[in-house]
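Residues per chain, in single letters:
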Amino acid sequence: MKIAVFGTVGAGKTKVSETLCQQLNYNLFKEPLEENPYFNDFYQDMKGFAFKMQIYMLTTRIEQFFEIDNLEDTVFDRTILEDPVFVRVSHLLEIMNDVDFKVYNRFFQNVITPILKQKLGFDVIIYLKVSTAKAVERINKRGRVLELETPYHYWEKLNEQYEVLYYELKDYYHFIVVDADNDNFAEKMTFIMQKLLMIDNKVPCLI
């Protein structure tokens, strides 16, 4: 199966993704943040680097897809489907101007969407649905300086747009919606594994 883990910053995607890979003996498709040359600059000057940041992320994800011949038995820690959420938020908060917003969406719709239809069809998307307050609590706890300096309203708007995207996609993909406010990680993983077994009873889950 191809499993996507979907959710805002602070929802707990990385830990869930890594644990799923261990439980299922799947490959992990990581988010390409560490190599991103615009990451630090974006958080220090969002208006100056929003467009560059998103184009880089989009380009890197597409390159990853073409580098991997077989995407089966893979867990995706955030997906290319979620990239437009960050662009929408940047536009709504007037971080990204109208021209860049329109150019990005034209590129995504006319270039990226056709590639996704040919290359990628997720069997299930695990939506870690979290309140903004809980997400920010976790962001503060992990203590990344650039994230700590990001205003609360940015995280709030991002979480709102994740919910909008979920409703846009839910009729096209099989979603498992998880209460990610729950801090009992073992309980969350048991719920996810049970749902996966209901989809495919051959999944090598250990619950």
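Residues numbered from 1 in each chain as written. Predicted model: local features only at pLDDT ≥ 70, side-chain atom pairs only at ≥ 80, totals over all residues. Heavy atoms only, no water.

> Quick question: what am I supposed to make of the packing of helix H3 (residues 46-67) against helix H4 (residues 83-92) here?
The description of two helices packed together rests on the angle between their axes and the distance between the axes. As a packed pair, H3 and H4 sit with axes 10 Å apart at the nearest point and diverge in direction by 175°. One way to sum up the angle between H3 and H4 is to call them roughly antiparallel. Contacts between H3 and H4 involve Ala 50, Gln 54, Met 57, Leu 58 and Arg 61 from the first element and Asp 83, Phe 86, Val 87 and Ser 90 from the second. When the residues that make up the contact of H3 with H4 are grouped by side-chain class, the tally is 5 nonpolar, 2 polar and 2 charged. (Axes fitted to C-alpha atoms, helices over the stretch in contact; angles between N-to-C directions. Helix = DSSP H or I, 4+ residues; strand = E, 2+ residues; numbered from the N terminus. Parallel < 35°, antiparallel > 145°, perpendicular 65-115°, else oblique. Contact = heavy atoms within 4.5 Å. Nonpolar A, V, L, I, M, F, W, Y, C, P; charged D, E, K, R; others polar.)

> Can you walk me through the pattern of salt bridges in this structure?
Close approach of charged atoms allows side chains with opposite charge to pair. Following the criterion strictly, the structure yields 10 salt bridges and no others. Among the ionic pairs, Glu 72 bridges to Lys 2, the shortest N-O distance being 3.0 Å. Pair noted here: Glu 72 is in the loop between H3 and strand E3 (74-77) and Lys 2 is in strand E1 (residues 2-6), with a separation of 70 residues, a long-range link. One salt bridge connects Arg 78 with Glu 82, and the closest N-O pair in it is separated by 3.7 Å. (Salt bridge = Lys/Arg side-chain N within 4 Å of Asp/Glu carboxyl O.)

> Just checking my understanding: could you explain the sheet that holds E1 for this structure?
Remark on secondary structure: sheet strands pair via backbone hydrogen bonds, oriented parallel or antiparallel. The sheet built from 5 strands is open, its strands ordered E2-E3-E1-E4-E5 with parallel pairing. Single-partner strands in this sheet number two, and they are strand E2 (27-29) and strand E5 (175-179). Neighbour-to-neighbour, the strand axes of the sheet open up by a mean angle of 20°, direction not taken into account. (Pairing = 2+ DSSP bridges.)

> I tried to follow the environment of Asp 123 on my own but got confused; where do I start?
Following the sequence through the fold, Asp 123 ends up in the loop between helix H5 (98-119) and strand E4 (124-129). Measuring from C-alpha to C-alpha, the distance between Asp 123 and Ala 186 comes to 23 Å, with 63 residues separating the pair along the chain. Setting aside residues no more than four positions away along its own chain, Asp 123 makes contact with Met 1, Lys 2, Glu 72 and His 174. Among the polar contacts listed, one links the side chain of Asp 123 to the backbone nitrogen of Lys 2, at a separation of 2.6 Å. (Polar contact = N/O pair within 3.5 Å; in protein donor to acceptor, adjacent residues only side chain to side chain.)

> Where do I start with H4 in this structure?
Summarising burial for H4: 7 of the 10 residues are buried, a large majority. Among the residues of H4, Asp 83, Pro 84, Val 85, Phe 86, Val 87, Val 89 and Ser 90 are the ones counted as buried. Glu 94 occupies a position one or two residues after H4 and carries a positive phi of about 60°. (Buried < 20%, exposed > 50% of the residue type's maximum accessible area, 1.4 Å probe, protein only.)

> Is there a simple way to think about the nonpolar core in this case?
In globular proteins that are soluble, nonpolar side chains generally tend to be buried together. One finds Phe 6, Phe 42, Phe 65, Ile 80, Tyr 154, Trp 155 and Leu 158 to be the most contacted residues of the largest nonpolar core, which totals 43 residues. For this core, the secondary structure elements donating two or more residues are E1, helix H2 (39-44), H3, H4, H5, E4, helix H6 (132-142) and helix H8 (152-169). Counting 23 residues, the second-largest nonpolar core is a separate cluster that includes Val 16, Cys 21, Ala 135 and Met 193. (Core = buried A, V, L, I, M, F, W, Y, C linked by side-chain atoms within 4.5 Å.)

> Explanation requested: the side chain of Asp 83 in the structure shown.
With respect to the secondary-structure elements, Asp 83 resides in helix H4. For Asp 83, a relative accessible area of 2% translates into the label buried. Setting aside chain neighbours within four positions, we find Asp 83 in contact with Gln 54, Met 57, Leu 58, Arg 61 and Tyr 104.

> Sorry, what's going on with the pairing of E4 here?
Within a regular beta strand, the side chains point alternately toward one face of the sheet and then the other, so they alternate between its two faces. Within E4, 5 of the 6 residues are buried, which leaves the element mostly enclosed by the surrounding structure. Taken together, the 4 bridges between E1 and E4 define a ladder with parallel strand orientation. Directly across from Ile 3, in E4, lies its bridge partner Val 124.

> Looking at this model, I keep getting lost on the UniProt feature "active site" (unreviewed entry) in the protein. Mind explaining?
With numbering aligned to this structure, UniProt lists the feature "active site" (unreviewed entry) at Asp 77. As for its position among the elements, Asp 77 is in strand E3. On the basis of relative accessible area, Asp 77 is assigned to the buried category, the value being 7%. Beyond its immediate sequence surroundings of up to four residues, Asp 77 is in contact with Val 5, Lys 13, Thr 14, Ser 17, Leu 28, Phe 29, Lys 30 and Glu 31. (UniProt positions renumbered as here; feature names shortened; annotations may be inferred.)

> Would you explain the packing of aromatic side chains in this entry?
Between two aromatic rings, the relevant description is the distance of the centres plus the angle of the planes. Taken as a whole and assessed by the stated rule, the structure comprises 16 aromatic pairs. Pairing Tyr 38 with Tyr 56 gives two aromatic rings, centres 6.2 Å apart and planes at 75°, and the pair type is edge-to-face. Within this pair, whereas Tyr 38 is found in the loop between E2 and H2, its partner Tyr 56 is found in helix H3, the two being separated by 18 residues in sequence. Classification of Tyr 38 by relative accessible area gives partly exposed; the value is 26%. Between the aromatic rings of Tyr 127 and Tyr 166, the centroid separation amounts to 5.0 Å while the plane-to-plane angle is 35°, which identifies the pairing as tilted. Of this pair, Tyr 127 sits in strand E4 while Tyr 166 is found in helix H8, placing the two residues 39 residues apart along the sequence. Overall, the relative accessible area of 2% leaves Tyr 127 in the buried class. (Phe/Tyr/Trp six-rings, centres within 6.5 Å; stacked < 30°, edge-to-face > 60°.)

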